[in-house]
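Observations on the model geometry
Below, each chain spelled out in residue letters.
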Amino acid sequence: IDRSESMTHIMGQVMQAAWALKRSLDVVESSTTVVGFNTYSEVIFETKENAKINAYRNINASGGTDPGNVLQIAKRIFATSTKPSKVLFMLTDGQWEKIDENEQLISDISQSGVVTTLFGFSGAVSYYGNHKFAVAQDVDGPAEMLTIIGKTIANILSKQRLAN
């Protein structure tokens, strides 16, 4: 989750979306870690922690927009995971620092078999592009984002059933 200063005006909405994502994936017993990034990274929900009903977290927005640390964390988590399906969801509102380095990390993660999905708030995907994510879409809020996540997960499960 992008928690840079430019996210201040939508941070509450983004945190509701992150909570809804974590809660939904907890219900289907999926291993899910939620990490925020600005100039630094911060774990918001640990993998084994369940998101409590109607209790999303507030975090402050500040600093720059460098997802490098969080992408390195994700890359390590995915590399050690034995789960058959792996998905990276990222929420952001803008242009990143160190674009080439960070887009290379996204490419590396994608090439390892992880489905990469970017949700852009405030028209981020239309304005700044897809940052090498396999799926990238602008969203107006949590409900629209959850609909897309549901379709993404259904597609993954369908492919798993066909493979078995």
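Residues numbered from 1 in each chain as written. Predicted model: local features only at pLDDT ≥ 70, side-chain atom pairs only at ≥ 80, totals over all residues. Heavy atoms only, no water.

**Notes on the pairing of strand β3 (residues 87–92)**
Within β3, 5 of the 6 residues are buried, which leaves the element mostly enclosed by the surrounding structure. Examined bridge by bridge, β3 and strand β4 (residues 115–120) share 6 bridges and lie parallel to one another. Opposite Leu88, over in β4, you have Thr116 as the bridge partner. Viewed along the sheet, the connection from β3 through helix α3 (residues 99–111) into β4 turns out right-handed. (Buried < 20%, exposed > 50% of the residue type's maximum accessible area, 1.4 Å probe, protein only. Helix = DSSP H or I, 4+ residues; strand = E, 2+ residues; numbered from the N terminus. Pairing = 2+ DSSP bridges. Right-handed = clockwise from strand over helix to strand, strands pointing away.)

**Brief notes about the packing of helix α2 (residues 68–80) against α3**
Contact geometry for α2 and α3: axes closest at 10 Å, N-to-C directions at 15°. The angle between α2 and α3 falls in the class roughly parallel. In terms of crossing hand, the pair formed by α2 and α3 is left-handed. Across the interface between the two elements, Gly68, Leu71, Gln72, Ala74, Lys75 and Phe78 of α2 pack against Asn102, Leu105, Ile106, Asp108 and Ile109 of α3. Grouping the amino acids of the contact of α2 with α3 by side-chain chemistry returns 6 nonpolar, 3 polar and 2 charged. (Axes fitted to C-alpha atoms, helices over the stretch in contact; angles between N-to-C directions. Parallel < 35°, antiparallel > 145°, perpendicular 65-115°, else oblique. Left-handed = near helix turned anticlockwise from the far one by under 90°. Contact = heavy atoms within 4.5 Å. Nonpolar A, V, L, I, M, F, W, Y, C, P; charged D, E, K, R; others polar.)

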